[in-house]
Structure formats: structure tokens, C-alpha cells
Amino acid sequence: MDYKKAGVDIEAGYQSVELMKEHVKRTMREEVLGGLGGFSGAFSLAKIKEMEEPVLLSGTDGCGTKVKLAIIMDKHDTIGIDAVAMCVNDIACAGGEPLFFLDYIACGKNYPEKIADIVKGVSEGCLQSEASLIGGETAEHPGLMPEEDYDLAGFAVGVCDKKDMITGENLTPGDVLIGMASSGVHSNGFSLVRKVFEKELTREGLGTWYEELGRTLGETLLAPTRIYVKALKGIKSAGVTVKGCCHITGGGFYENVPRMLREGTRAVIRKDSYPVPAIFDLLAKKGEIEPDMMYNTFNMGIGMIVAVDPKDAEKAMDAMKAAGETPYVVGSVEAGEKGVILC
């Protein structure tokens, strides 16, 4: 008896590492010390000495059951973008600059090419957020997971000067709320998505073309989460102060928008202020989901919202557009009980 016969292929693990090295190498920042394969990832913090009061920010998350769609479609090169996005968007939302990322892949069986594809997506997410992929773990779990299955999660660390943290404490009535368009469902609500499309959860079903979507169902649902790091950096570089910011993730508008507010302020968001992507209309119709539940589960086409002074709104939107994002003025801040009103 040996480890391979017990279900863990050490040689496949070595091969996975070799295949992923070229992808990881693309993400290296100058602060990274050493290379892939050490017991820990090392990152120099020499540059943060330039800050008055540096604060480390961290985020950890996964892709939820969206991974199941990647498995069904046998397409694994974008799900890693989602894993990075879920972590770095939260860091950027607090005013931070993501520095580095580590991934964790649990799989029933290590297929080196598949693992390399997953890491390719992780690397692409790191490039989009200008963070380095400095380490990770691929864990083979025979007997715990089916051979074809895997799960993916990650952890990111960022930094910002304390004076630049986005806390919402300076929000005032009249501030403008600007939303940045999402790429679709992103990485939240997929347990409900899979229930709605239960009969379509085959490679053939997900390959069905939908005229209203302009592509297949699988392509629409697997579209990677947008990463808003560069847009938020651009706003700061333009001299605009972001007073509040929220990442629309699990819990949709109702749970996430209040997290950006201080006591005594509320957000008023107009549903008709931007186009809702067709996938959400399809989900609501096919699943007979009430509007409130849709806005309490999904991003409904807006992945990130920032609050700025009215005089800075145009400059902020120009910075977002320069970073490749599509912004909309979606509402405003009012005096009142902390919460969000959708009208």
C-alpha cells in the first residue's frame, strides 16, 4: 500500500505546480521575495513606510456553488477570477490596495491540467487587481469529494493609509450614489440560480442559446465577476474622495448597501436608473421570484456602489470609464434611519 493507492497522487501534485508556474510568474510584483514552492509566501512591506499610518486589510472568500457550473461545462479557466474578485473587491471597497493573494483548491482527484487552468484564472484575477499570487494549496481529498469535483477559495491582503480608509463617517445628505455595472450574476446566489435552472444543469442544457441573453446560458452564468480595483484607484488618482463604498455580493442591495452608511443616513436607489441585465429578468420569470427577493439575493446589474460629493460625480464617472467600467448615477444619500430604499 502507498499514498497513490490510497487516492493521493504526489506526482500529479508536482506536475500541477510545474504547469501553473508560468501563470503565477505573470503576477509578480517587485515586493515579492523568493519564488513559488516555499513553505510560505514572502512580501516586502518596505514601501508602506511611506504611509503616515499604514493599515493592513484582508479578505477571504470563495466562489460558492458557481463552481458546479464550471465542473458541468468542463471550463475552469475563469472561475479563479471570481475567487480573486470576491476578496480584492472587498479590500478596495475599504479604500485599500490589494497586495497579494493565496488560493486553496480542494479536489477529489488532482488532474494537473485542470488545476493549471483554475490557477490560470486566479492569475488573471491577480493581474486585473495588480496583486501578486504568492502561494496556495492544492489538496486532494479522495473519499471526501467525487473525483471530478473541486472547490476554490482564496485570501487576500491589502494596505491603505488610515486617513484614506473608506468608512462612511463623512457621508452627508445629498451625496451622489454611483453604481458600476456588473458582468451578470457574479458569484452570489448560485444555489437559487441552480434551483431555477435545475433541468438545464447539463453540458447540453447550459450550451443552449438564449436570444434574450445573446449567448448560451452557461456562458452567461459563468461570466467572471468584475474586479473594480483599478476603477477605485482611478477615482482616488483623480482627486475624488469616496465617502462610502459597497460591494454588492450575497444579500444583494438590502444587506450590503446599509454597510456603507453611517447612522442617520439612508440610501435611496432608483431601480430605473440603469439597465438590468436580461439574465435577471429570465431568473425572475422562470423562477417566479418576487422583486424584493431578487434585490435581496442578486446584484441586479450593479456590482459596486460609491458615494461622492455631487461636485465630484462627473470626475468620478470619468475615472470609472477610463478604467473600463460602465457607471450610472443610481441614487443619493438622504437623512433618515440607516437603510436602503429601492424605488
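Residue positions are given per chain, counted from 1 along the sequence in the order it is written. With pLDDT at 70 or above as the cut-off, local features in this predicted model cover only qualifying residues; side-chain atom pairs require 80 or more to be listed or tallied, and sums for whole chains, interfaces and linings still use all residues. Side-chain metrics in this entry use all non-hydrogen atoms of the structure; hydrogen atoms and water are not considered.

Just give me the short version of the sheet that holds strand 7 (residues 176-181), but keep the residues and values in it.
At least two bridges found by DSSP between two strands are what make those strands a pair. Strands are runs of DSSP state E lasting at least 2 residues, helices are runs of H or I lasting at least 4, and numbering of each runs from the N terminus. One open sheet accounts for 6 strands, arranged 10-12-7-13-11-14; its pairing is mixed. The strands lining the two open edges of the sheet, one partner per strand, are strand 10 (244-247) and strand 14 (339-342). Recorded for the sheet is a direction-independent mean angle of 25 degrees between the axes of neighbouring strands. Both strand 10 and strand 12 (residues 302-308) contribute to a ladder of 4 bridges, which runs antiparallel. Paired with Gly 244 across the two strands is Ala 307, which belongs to strand 12. Lying on the sheet, helix 3 (residues 79-93) is in contact with strand 10 and strand 12; it crosses strand 10 at an angle near 170 degrees. Angles here are taken between N-to-C directions and fall from 0 to 180 degrees, while the axes themselves are lines fitted to C-alpha atoms, restricted in helices to the stretch in contact. Contacts were defined at the residue level, with two residues in contact if any of their heavy atoms lie within 4.5 Å.

Explain the pattern of salt bridges residue by residue, including any values.
When a carboxyl oxygen of Asp or Glu is within 4 Å of a side-chain nitrogen of Lys or Arg, the pair counts as a salt bridge. The tally for this structure, following the rule as stated, stands at 20 salt bridges. Close ionic contact of Arg 26 with Glu 124 constitutes a salt bridge, the shortest N to O distance being 3.6 Å. Of this pair, Arg 26 sits in the loop between helix 1 (10-25) and strand 1 (32-33) while Glu 124 is found in helix 4 (residues 112-129), placing the two residues 98 residues apart along the sequence. Residue class for Arg 26 comes out partly exposed when judged on its relative accessible area of 42%. With a shortest N-O distance of 3.2 Å, Glu 97 and Arg 29 are connected by a salt bridge. Of this pair, Glu 97 sits in strand 4 (residues 97-107) while Arg 29 is found in the loop between helix 1 and strand 1, placing the two residues 68 residues apart along the sequence. Residue Glu 97 is classed as partly exposed on the basis of its relative accessible area of 27%. One connected set of salt bridges, linked through shared partners, spans Arg 29, Glu 31, Glu 97, Glu 130 and Lys 233. Burial classes follow relative accessibility: with a 1.4 Å probe on protein chains only, a residue under 20% of its type's maximum area counts as buried, one over 50% as exposed, and anything between as partly exposed.

Describe the environment of Lys 25, listing the residues and the values that go with them.
In this structure, Lys 25 sits in helix 1. Overall, the relative accessible area of 67% leaves Lys 25 in the exposed class. Through-space distance from the C-alpha of Lys 25 to that of Gly 35 is 8.7 Å; in sequence the pair is 10 residues apart.

I'd love a proper account of the layout of surface pockets, names of residues and values included.
Only protein atoms enter the 1 Å grid used here, on which a cavity is any set of points holding a 1.4 Å probe that cannot leave and a pocket is any open set flanked by protein within 12 Å on both sides along at least five of seven lines; residues with an atom within 4 Å of a point are listed as lining. Grid points are joined across faces, edges and corners, and a volume is the space filled by probe spheres set on the points. In this structure, the second largest pocket encloses a volume near 580 Å³. Along the wall of the second largest pocket there are 26 residues; nearest its centre are Gly 95, Asp 164, Met 165, Ile 166 and Lys 236. Put simply, the parts of the chain that give the lining of the second largest pocket at least two residues each are strand 6 (150-161) and helix 8 (229-237). Per-element accounting of the lining of the second largest pocket gives the leading share, 6 residues, to helix 8. Throughout, the ten residues Ala, Val, Leu, Ile, Met, Phe, Trp, Tyr, Cys and Pro are labelled nonpolar, Asp, Glu, Lys and Arg are labelled charged, and all others, Gly among them, are labelled polar. Of the residues that constitute the lining of the second largest pocket, the class distribution is 11 nonpolar, 7 polar and 8 charged.

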